[in-house]
Amino acid sequence: MEPPAEATGGAAQPPPSGVSTPPSGTVTFLFTDIEGSTLLLQRLGDAYAEVLTTHQRLLRAAFTAHGGYEVDTQGDSFLIAFPTAPGALAAAADATRALAAHPWPAGERVRVRMGLHTGAPKLLGARYVGLDLHRAARIAAAGHGGQILLSAATVELARREEPPGVTLRDLGAHRLKDLQQAERIYQADLAGLPYDFPPLKALDARPHNLPVQPGPLLGRERETAALLALLRRADARLVTLAGPGGVGKTRLSLQVGAEALDAFPDGVWFVRLSRLTDADLVIPTIAQVFDIQARGDVPPLEMLRARLRDKHLLLVLDNFEQVAAAAPQIADLLGTCPGVEALVTSRVTLGIYGEREYALRPLDLPDPQRLPPLERLTQYAAVALFIERAQAADADFAVTNASAPAVAEICARLDGLPLAIELAAARTKLLPPQQLLKRLEKQLPVLTGGARDLDERQRTMRDTIAWSYNLLSPEEQRLFRRLAVFVDGWTLTAAEAVCAAPEGSEPLGLDTLEGLSHLVDQSLARRLDEDSASPGGEPRYAMLHVIREYALERQEAAGELDAIFLSLARYYLDRFELDWFDPRVYAQLFAGDAAERIVLQDLDTLRAVLEWTLRRDQAEIGLRLALRMAPTLMTHGLSHEGLQWCERVLALEEKYASHSATPRSRQVVAARVAVLGTFTALRLNRGDAPQELLALNQETVELARGVGSDHLLSYSLAMLGGALLDAGDLSRGEAVFDEALSLAKQVGNPAGIGIMLVNWAGALLGYPEQTGHAAALAEESLQVAADNELWWGVSWSQAILAAIAQQRGDKDRARTLATKSLQFIREHELLPIWTPACFVVLIWLAARMNQPARAARLVGAQEQLRIRMGLGTEKFEQMILDGDLLIQARAALGEEAWAAAYAAGKALTTEEAIAEALAVAEEG
């Protein structure tokens, strides 16, 4: 039996009647459930539902009569909080009497066990945080149906006002199944009801040597249940609990062993193997647990077989990875002792017949970008563990609205690894979560100082990972180190290309597939789920962040870091570098091809490679990589980042060129032209003054003319034409655009033609007298895009035409075209820079439809979209937003209501914002 939700508190659910506010300060928790509910269901069948409802009604009546607050209800269990211990005891007594007196169908009895414990939990919103809830559940779990059990803390307070007809009896100290120190348990004897019950279901009831643990296990209810189910199977006598160091294998195995005690009459026996390095010592170590004395004439395995042959027990063999060669002896022992089962914790599987592997994952995590309300944050096991360990270090620690994002980010940065979270949480005694998060940019130096009674390998995360690293062969260590350059993960193809033989480094020395398989077996790497597969469907692998950091340290120490980064950069250039002299390049850039998906999937790795090019003055490589990344970043809401990369690599290349006696190669010039064009386009998009960019645009044109490529020249002229029109130079801008379009048509470049036409049309929106010309250009762009299946071009052209229709006052056409543009964005999974333009048209439409609140929400939504994508506001858009129609809508709604609707719009996700905009179009 487990406490509801997480051990740190269930979701607050006020009962149908009674107390609606959770008590604070000193609180007594009452945990109840029906003993044998599954068997009762089987016996009663359909009648069980009515029995359960009646049981709930009787208990709720007793609880509410004594001031109980219903924290949680799950199935046949209750968790109730009382402001006083006497009230809680009286409620438990009344509920037990009511259940005993009720005439249940078919002569059945509904036997409910109850546990009470008093503490001072913290309130997080309407949710309790602390271990007192867990304690109440464990006390109840030790009892039997009809029995009321209390902790010593509750008895001390309840005796001050003992309910009539209730006598408290000391049952002695018992170790409960959360493996805490012994707890003194009391029983409430009720006059007129039976009070003789079987012995408590505590650890004392069966033989065992399970060590005492410092606290309860948090957030592993699902895993505990799954392992117990495995151990109950006849074909699973050997279960290996596998996972990386620090994931909590030992702690979970101890909990499972405690929960499984009732199933093993001869006990559960824990065997610590972490200090062994010689596989020949495994059997003697197990023998010592059973006090089997060594005899020179009898092998230890034979003596152990003889002792355990008729026993029904569970062996918990902890930390088997460094003595894996002893696996055949374990198989022999299980084969000759049919009543013996084994639960093994290891970073590697044993690889013997009949083994069942259970891979232990890190703890559940919240998404730091989408945090739940504060009171629900502790439903995530990683956060619950952080809070519990932080409070152990500092009793006054509490999560607030200000610190919650940092706590969630810390847990996410640590991949939900329990040991890493515990080590980090201990630092809150010195640093608040916000400052701790900053120091976790380099994790290993922070994750030190574990409890003194831990094994040495668990005192720091570095020691824990080093333990596994040292078990690898030299060739496997080499592969492990080299894979550290992949931040987001890798495919087998990528690992083979990058790690096999970096320039100037020693060959890998083993088959990459074989080595990777061993790293996965050792829990130093893991295969990601199918949703993370590469664009070609190839599986991907990754390291936990803290493991990768250790591998990167080893790689730096080996002196191979530059060589492996160079190998990685070349791998990416081979995968998606484009020929900038090929007129088809723009179709490839904006077509959502495999290369674009690689950029998005490997973005953090590419960022690391670009940083390396800047540190090591690899100007040409940096230029070529940034060139491929920037358009993808621009069309996926990361314009600001694309702008920064362009600016940094351009500065590096300029510095390199000024100090080099060798003229720029034609390829480098082409790359510079493309990056300059992208750089100026991104700056225009974010709202920089076009006059500031004319010199850069002119440099781009001159470089393109010098390299002798009409295709690059047309691209550069289009950038210059857009800047001129935005700067107010209509005649020169039109002439430059005209030259650019003529060149694009000469070289046969449909994508380039489409881009130039729609850019030209968009730039002309700032000139009301040029509406007809803009419309003709956008219509032609729409046709070119549709003919060549350039869906981004279709959506972009429709957005421009919607804006033109708005300028002409044609609300029906504006609505239709804006709707089509947004629908294309949805259907083809685009996130283009023209999305806010559609929103502005629909804002105008909402205002015309006398929907000021919706107009305000869309104003907030489109402004937030601009912030996300690093975009400024176009002239024609600002004209709408500053127009009389919006001014009147704002006045009609009132400033307070407008501000509230505007804030609600800013809080919408992109998908929610698009849905809101389309709703306007559908109603128009």
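Residues numbered from 1 in each chain as written. Predicted model: local features only at pLDDT ≥ 70, side-chain atom pairs only at ≥ 80, totals over all residues. Heavy atoms only, no water.

J.: Summarise the pairing of strand β4 (residues 112–119); cite the residues concerned and give the values.
T.: The element β4 is largely enclosed, with a buried count of eight among its eight residues. Because side chains alternate across β4, one face comprises the buried residues Val 112, Met 114, Leu 116 and Thr 118, and the other comprises Arg 113, Gly 115, His 117 and Gly 119, equally buried. Relative to strand β7 (residues 148–151), β4 runs parallel, the two sharing three bridges. Following the sheet pairing, Leu 116 is matched in β7 by Leu 150. (Buried < 20%, exposed > 50% of the residue type's maximum accessible area, 1.4 Å probe, protein only. Helix = DSSP H or I, 4+ residues; strand = E, 2+ residues; numbered from the N terminus. Pairing = 2+ DSSP bridges.)

J.: Provide a residue-level description of helix α23 (residues 603–615), including the pertinent values.
T.: Counted at 1.5 Å a residue, the expected span for α23 with its 13 residues is 18 Å, and the 18 Å between its end C-alpha atoms agrees. Three or more residues of α23 are buried, namely Leu 603, Thr 605, Leu 606, Ala 608, Val 609, Leu 610, Trp 612, Thr 613 and Leu 614. Asp 617 sits one or two positions beyond α23 and adopts a positive phi of about 55°. (Expected span 1.5 Å × (residues − 1).)

J.: Account for the sheet that holds strand β17 (residues 540–542), naming residues and giving values.
T.: Reading across from one edge, β15-β17-β16 is the order of the three strands in this open sheet, with antiparallel pairing throughout. Each having just a single partner strand, β15 (490–491) and β16 (526–527) make up the two edges of the open sheet. As defined by bridge partners, β15 adjoins β17 across two bridges and the pair is classed as antiparallel. Considered in β17, the bridge of Trp 490 is made with Tyr 541.

J.: Tell me about the packing of aromatic side chains, and please be specific about residues and values.
T.: Taken as a whole and judged by the stated rule, the model has 12 aromatic pairs. A centroid spacing of 5.1 Å and a plane angle of 5° characterise the contact between Phe 737 and Trp 760, whose relative ring orientation is stacked. Of this pair, Phe 737 sits in helix α29 (residues 730–747) while Trp 760 sits in helix α30 (residues 750–764), placing them 23 residues apart in sequence. Considered together, Phe 737 and Trp 760 belong to a single accessibility category, that of buried residues. Of the aromatic side chains, those joined through ring pairs into one cluster are Phe 63, Phe 78 and Phe 82. (Phe/Tyr/Trp six-rings, centres within 6.5 Å; stacked < 30°, edge-to-face > 60°.)

J.: Can you lay out the side chain of Ser 709 for me, pointing to particular residues and giving the numbers?
T.: Mapped onto the elements, Ser 709 comes out in the loop between α27 (694–707) and α28 (710–726). Within the local environment of Ser 709, its side chain forms a polar contact with the backbone nitrogen of Leu 712, the two atoms lying 3.1 Å apart. (Polar contact = N/O pair within 3.5 Å; in protein donor to acceptor, adjacent residues only side chain to side chain.)

J.: Please give an account of the pattern of salt bridges that cites residues and values.
T.: Summed over all chains, the structure comprises 45 salt bridges. Where Asp 94 meets Arg 97, a salt bridge forms, and the shortest distance between an N and an O atom there is 3.5 Å. Of the two residues, Asp 94 and Arg 97 both sit in helix α3 (residues 85–101), three residues apart, roughly one turn of that helix. Across the pair Glu 699 and Arg 672 runs a salt bridge, and its minimum N-O distance is 3.5 Å. Placement of the pair is Glu 699 in helix α27 and Arg 672 in helix α26 (residues 666–685), with a sequence separation of 27 residues. Through salt bridges that share partners, Glu 653, Glu 654, Arg 664, Arg 672 and Glu 699 make up one connected network. (Salt bridge = Lys/Arg side-chain N within 4 Å of Asp/Glu carboxyl O.)

J.: Tell me about unusual backbone geometry, residues and numbers included.
T.: With a phi angle near 60°, Ala 106 is a residue other than glycine that sits in the positive phi range. Take Ala 106: it is sitting in the loop between α3 and β4. Phi at Glu 789 takes a positive value of approximately 55°, unusual for a residue other than glycine. Among the secondary structure elements, Glu 789 is positioned in the loop between α31 (771–787) and α32 (791–807).

J.: Mind laying out the sheet that holds β4, listing which residues take part and the relevant values?
T.: Taking strand neighbours across the sheet as the criterion, the seven strands line up as β2-β3-β1-β4-β7-β9-β8 in an open arrangement whose pairing is mixed. The open sheet terminates on both sides in strands that have one partner only, identified here as β2 (69–74) and β8 (166–174). Averaged over all neighbouring strand pairs, the angle between strand axes comes to 20°, with direction disregarded. In the sheet, β7 pairs with strand β9 (residues 183–190) via three bridges, with the strands oriented antiparallel. Of the residues in β9, the one forming a bridge with Leu 150 is Tyr 186. Here α3 sits on the sheet in contact with β1 (27–34), β3 (77–82), β4, β7, β8 and β9, set at roughly 175° to β4. (Axes fitted to C-alpha atoms, helices over the stretch in contact; angles between N-to-C directions. Contact = heavy atoms within 4.5 Å.)

J.: Go over the nonpolar core with me, naming the residues and quoting the values.
T.: In this structure, Phe 386, Phe 480, Leu 483, Trp 490 and Leu 625 are the most contacted members of the largest nonpolar core, which totals 223 residues. Among all residues touching Phe 480, those that are not within four sequence positions of it are Tyr 469, Leu 472, Leu 519, Leu 524, Met 543, Ile 547, Tyr 550 and Ala 551. Counting residues in hydrophobic clusters, the runner-up holds 36 residues, among them Ile 34, Leu 52, Ala 91 and Leu 116. (Core = buried A, V, L, I, M, F, W, Y, C linked by side-chain atoms within 4.5 Å.)

J.: A description of the environment of Ile 421 should follow, citing residues and the corresponding values.
T.: As for its placement among the helices and strands, Ile 421 is situated in helix α13 (residues 418–426). Judged by relative accessible area, which is 0%, Ile 421 ranks as buried. Separated by 200 residues in sequence, Ile 421 and Ile 621 have C-alpha atoms that sit 38 Å apart. If sequence neighbours within four positions are ignored, Ile 421 has contacts with Ala 382, Leu 385, Phe 386, Cys 411, Leu 414 and Gly 416.

J.: Can you tell me about helix α17 (residues 492–499), naming the residues and giving the values?
T.: Every buried residue of α17 is listed here: Leu 492, Ala 494, Ala 495, Val 498 and Cys 499. All buried residues of α17 project into a common sector of 160° when viewed along the axis, lining one side. (Arc of directions from axis to C-beta.)

J.: Run through the side chain of Ser 77, naming residues and quoting values.
T.: By the secondary structure assignment, Ser 77 is in strand β3. Engagement of the side chain of Ser 77 in a polar contact is seen with the backbone oxygen of Gln 74, the distance being 2.8 Å. If we ignore the near neighbours within four places in the chain, the residues touching Ser 77 are Phe 31, Thr 32, Asp 33 and Asp 72.

J.: Now, about the packing of helix α35 (residues 852–869) against helix α37 (residues 884–893): what can you tell me, with residues and values included?
T.: At their nearest, the axes of α35 and α37 sit 9 Å apart, and the two run at 115° to each other. For the pair α35 and α37, the crossing hand works out as left-handed. On the side of α35, the interface is formed by Pro 852, Ala 853, Ala 856 and Val 859, while α37 contributes Leu 886, Ala 889 and Leu 893. (Left-handed = near helix turned anticlockwise from the far one by under 90°.)

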